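If you want the building blocks of each chain, they are given just below.
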Amino acid sequence: MNFTPKANEIKENIESKLSRYFGASSADATREQVYKSVALTLKDILTEKRKAFKNEVNEKGAKRVYYMCMEFLLGRSLRTNLCNLGLTEEYKTALDELGFELDDLYGCEPDAGLGNGGLGRLAACFMDSLSSLDYPATGFSICYEYGLFKQMIVDGMQIELPDIWLPGGEVWLVPRTDRTFHVQFGGRVKEQWTNGRCEISYEDYEEIEAVPYDMMISGADSKAVSQLRLWRARDIHNFNMGLFTQGQYTKALEESTNAEIISKVLYPSDNHTEGKLLRLSQQYFLVSASCQSIIRDHMAVYGTLDNLPEKVAIHINDTHPALCIPELMRILIDQYFFDWDKAWDIVTRTVSYTNHTVMPEALETWNEDLFRLKLPRIHMIIKEINQRFCEEAWKHFPGNWDRISKMSIIAYSQVRMANLSVIGSHSINGVSKLHSDILVDDVFKDFYRIYPERFTNVTNGIAHRRWLCYSNPGLSSFIEGLIGTGYRHAPEELAELKRFADDKNVLSDLAEIKHQNKVAFSNLLMKKTGKCLDPNFVFDVQIKRLHEYKRQLLNALNIINLYCDLKENPNLDIQPQAFIFGAKAAPGYAMAKEIIKLLCFIGRDIENDPRLREKLQVVFLEDYNVSMAEALIPAAEISEQISLAGKEASGTGCMKLMINGALTIGTLDGANVEMLAAAGDENMFIFGLNKNEVEDLWIKGYRSAEYYANNYHLQRIIDRMNVGFAGQSFAGIASYLLSGHGVADPYMCLADFESYRTTHEKAIDIYGDKERWCRMSLMNIASAGFFAADRAINDYAEKIWGLKRLNND
């Protein structure tokens, strides 16, 4: 098959798809039909490329990586695939001849509802780089019928609606009904010894079929195409026609519905037992189907599992797929009859683990009784793993049962996924230098004493081609006019931009590109929402999950301070500022939802005051997603990375904003530390307590009320919260900051406020010096090459997976 077709061939292929799948021609086809036909032609190209690449991998016996993650936040695929394949202009020409605009078709595609936030977006970036660098790779996740949720803001309150993405998104999926696997839940386990071998059988279990749907992930100018295999749950039993004919319609459908609910929704609410059971079922469904698929493919090529660690790397992205460790043990012991020690050696040399959080509530645990009920055989295997580990730990910490109990997988009626991940992996990494240091110094310090060789760091990275080249074509063309196109595949070459730091013409052009991006985003916002955003304002952006530790509330405190300044003196001469937020709160997270409401009501109050809105705007972007990010990030001027030091593992939004020229206001947290080292403190705005100072303040006794009592600005802000905005009081948040329900202000917004306020003022003052601001912006772009996913993937391949690129013979 021709992987680089010309416009005439593309035109014929599109017409063929229209006729075959829709019974239409270009003359009477709808825009949606043409979009799907275009996608089908691209899917054909990608599928054939994937086939050729897979054959080469098998012929060479190359090692491959399998990347497991509960979410992949892919966004839209059409534009990315066209750009990666170098076919944008050819398709544009073909579509022009058919009477359609390519840009119009982009809008037909929904964002794939397979992810939530940074974890899923990182996984998507990594799949892009794995393909672009010609590494053999497959991703595994679940084919969710509905994504996280579609966010609607009604009177300031977040309302969750179903995220229906499959009608427009499934065109990219390839059903593989020839590769289904069965996953078993519940029941009883029977052990029977035959000829010196323990044979395992199951009784009264529930069995569900896992059906794979493959999505092809293209690479930029590469021969590799990675595969993202998404599992859909299906009832294994035939439809109960007897019940249906008797009129028991609901009962007849009940079994299939119960099975299919596993792949219905990403991250179902787990504040009740049913939700916890569903989440646990989702995680085991993912790893069981994936492990069976890996073993099947490996055996088809090699006929033995003895060489699994030499040919396969399995990477678990956070703790959600941790059950792949006991599941692999189950397959090796129960189905292939390996002895325990041999099986454990294979598993631990195959599996590696990335930790993504230091937040205690995110280190997953399961109630042991619930776990045993749902996964009896896996529970038995984990008990054995735990017993053997505790015996090993005793040798390192003799008599110290308290320490060993904290390290054990099962203790106090809880099953701990993070401990399982560490014990069953040959490599454990954090996602920024600071985060990795916290893991070995604090979170996993006792494990580090036993397994120091297992711990390493791989700082996160972003798909720089997507987030710079494709999302910001004006800036990328500008860069290529200065330093050429080499940075597209060697992002470290962006450093060559530093030699233009004092070129006034370059800085002036950079300012104009940013302004045009702001105009484009303002126009898009007006078209989508009817909201008017003045491109002459500073665009100050905070885009991330709504969580207390990410401190959108601290940002709100500063906005309220500006609001009070302008209320007291409407003629105050200040730079007009627009604060733009994009965030979703977990459905059961009451405080996060209240912060969203606060931001919305501040914005409403300002909008209702003609004098205030000339100098201040607050915009909360409803249902913020990848496609919106691709428009907003090129327009952003200030990047808010203001989490409490020691809480953010890394972050990747900070990197996307940096490579697009936004200047960071941030704490010494996560990747900010390495960004500061790369760009220099003269090109970032750092404020607040560092990690050690935060810890010292907790030890001494943090009293937020003291900061309130000693700071006039905070007194004004808290008082205003009690009064409220647009007729709505936020006394609850004021109380949370000063008294709380346990610990007041647990993420130290008041402790860091004054430093944040003055740093913000400094940034706005410098913004008035356009040449200086643009020089700082250019230096950030020039320093961003290290934070590309290509570098991160090469680090994983060399340090952890033992993987080689297929273009390096």
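Everything quoted here is computed from the prediction, not taken from an experiment. (Residues numbered from 1 in each chain as written. Predicted model: local features only at pLDDT ≥ 70, side-chain atom pairs only at ≥ 80, totals over all residues. Heavy atoms only, no water.)

Colleague: Would you explain the overall build of the protein chain in this entry?
Modeller: Counting its secondary structure elements, the protein chain contains 34 helices and 23 strands. Its C-alpha radius of gyration of 27 Å places the protein chain within 12% of the 28 Å reference for a compact globule of 809 residues. Per-residue burial over the protein chain gives 60% buried out of 809 residues. In the protein chain, once contacts between residues fewer than 6 apart in sequence are set aside, the share between residues at least 24 apart is 76%. Accessible surface for the protein chain amounts to roughly 31,300 Å². Of this, 48% is attributable to carbon and sulfur atoms. (Helix = DSSP H or I, 4+ residues; strand = E, 2+ residues; numbered from the N terminus. Rg over C-alpha atoms; globule rule 2.2 N^0.38 Å. Buried < 20%, exposed > 50% of the residue type's maximum accessible area, 1.4 Å probe, protein only. Contact = heavy atoms within 4.5 Å. Areas by Shrake-Rupley, 256 points an atom, 1.4 Å probe, with all protein chains shown as cover.)

Colleague: Can you help me understand unusual backbone geometry in this one?
Modeller: Most of the time, phi is negative for any residue but glycine, and the peptide bond is trans. Here the phi dihedral of Arg551 falls at roughly 60 degrees; this positive angle occurs in a residue that is not glycine. You can see Arg551 is positioned in the loop between β18 (538-543) and α23 (552-568). Judged by its relative accessible area of 0%, Arg551 is buried. For Asp623, which is not glycine, the phi torsion reads 55 degrees and is therefore positive.

Colleague: Looking at this structure, I do not really get the packing of helix α13 (residues 340-350) against helix α15 (residues 376-396). What am I missing?
Modeller: When two helices pack together, you describe them by how their axes are tilted relative to each other and by the distance separating the axes. The N-to-C vectors of α13 and α15 enclose an angle of 90 degrees; their axes lie 13 Å apart at closest approach. In terms of orientation, α13 lies roughly perpendicular with respect to α15. Contacts between α13 and α15 involve Trp340, Asp341 and Trp344 on the former and, on the latter, Ile381, Glu384, Ile385 and Arg388. (Axes fitted to C-alpha atoms, helices over the stretch in contact; angles between N-to-C directions. Parallel < 35°, antiparallel > 145°, perpendicular 65-115°, else oblique.)

Colleague: Would you take a moment to explain the pairing of strand β20 (residues 616-621) for this structure?
Modeller: Buried residues dominate β20, accounting for six of its six residues. Where burial is concerned, the two faces of β20 agree: the one with Leu616, Val618 and Phe620 and the one with Gln617, Val619 and Leu621 are both buried. As paired elements, strand β19 (residues 577-582) and β20 share six bridges and run parallel to each other. Looking across to β20, one finds that Phe579 is bridged to Val618. Chirality of the crossover, the property in question, places the unit of β19, helix α24 (residues 590-607) and β20 among those that are right-handed. (Pairing = 2+ DSSP bridges. Right-handed = clockwise from strand over helix to strand, strands pointing away.)

Colleague: Looking at this structure, how should I read the side chain of Glu648?
Modeller: Locating Glu648 in the fold gives a position in the loop between β21 (638-641) and α26 (653-659). At 3.3 Å, the side chain of Glu648 and the side chain of Tyr549 are in polar contact. A polar contact is formed between the side chain of Glu648 and the side chain of Lys550, at a distance of 2.9 Å. Those residues in contact with Glu648 that sit more than four places away from it in its chain are Lys544, Tyr549, Lys550, Ser643, Asp669 and Gly670. (Polar contact = N/O pair within 3.5 Å; in protein donor to acceptor, adjacent residues only side chain to side chain.)

Colleague: What should I look at first to understand the nonpolar core in this one?
Modeller: One recurring pattern in soluble globular proteins: nonpolar side chains tend to sit buried together. In this structure, Phe285, Leu323, Phe371, Phe521 and Trp801 are the most contacted members of the largest nonpolar core, which totals 210 residues. Ranked by residues supplied to this core, first place goes to helix α10 (residues 273-302) with ten residues. If near-sequence neighbours (up to four positions away) are discounted, Phe285 is found in contact with Ile142, Val183, Phe185, Ile208, Glu209, Ala210, Trp231, Arg232, Ala233 and Ile262. Residues Cys564, Leu663, Phe687 and Ile764 belong to the second largest nonpolar core, which totals 68 residues. (Core = buried A, V, L, I, M, F, W, Y, C linked by side-chain atoms within 4.5 Å.)

Colleague: Is there a simple way to think about the packing of aromatic side chains in this case?
Modeller: The relative placement of two aromatic rings is captured by the distance of their centres and the angle of their planes. For the structure shown, the criterion picks out 22 aromatic pairs. With a centroid separation of 5.6 Å and 85 degrees between ring planes, the pair formed by Trp698 and Tyr702 is classed as edge-to-face. The exposure class of Tyr702 is buried, given its relative accessible area of 10%. Ring centres of Tyr767 and Trp773 lie 5.0 Å apart, and the angle between their planes is 80 degrees; on these two criteria the pair is classed as edge-to-face. (Phe/Tyr/Trp six-rings, centres within 6.5 Å; stacked < 30°, edge-to-face > 60°.)

Colleague: So what exactly am I meant to see when it comes to the sheet that holds strand β13 (residues 365-367) here?
Modeller: What holds strands together in a sheet is hydrogen bonding between their backbones, with the strands either parallel or antiparallel. What the three strands build is an open sheet, ordered β13-β15-β14; its pairing is antiparallel. Two strands bound the open sheet, and with one partner strand each, they are β13 and β14 (410-411). Direction of pairing for β14 relative to strand β15 (residues 414-416): antiparallel, over a ladder of two bridges. By the bridge assignment for β15, Ala411 is matched with Gln414.

Colleague: Is there a simple way to think about the pattern of salt bridges in this case?
Modeller: Note on pairing: side chains with opposite charge can pair once their charged atoms come close. Counted according to the given criterion, the structure contains 49 salt bridges. Note that Glu56 and Lys60 form a salt bridge whose closest N and O atoms lie 2.9 Å from each other. Remark: Lys60 and Glu56 occur in helix α2 (residues 31-60); sequence separation between them is four residues, near one turn of the helix. The exposure class assigned to Glu56 is buried, which follows from its relative accessible area of 18%. (Salt bridge = Lys/Arg side-chain N within 4 Å of Asp/Glu carboxyl O.)

Geometry only, nothing functional implied.
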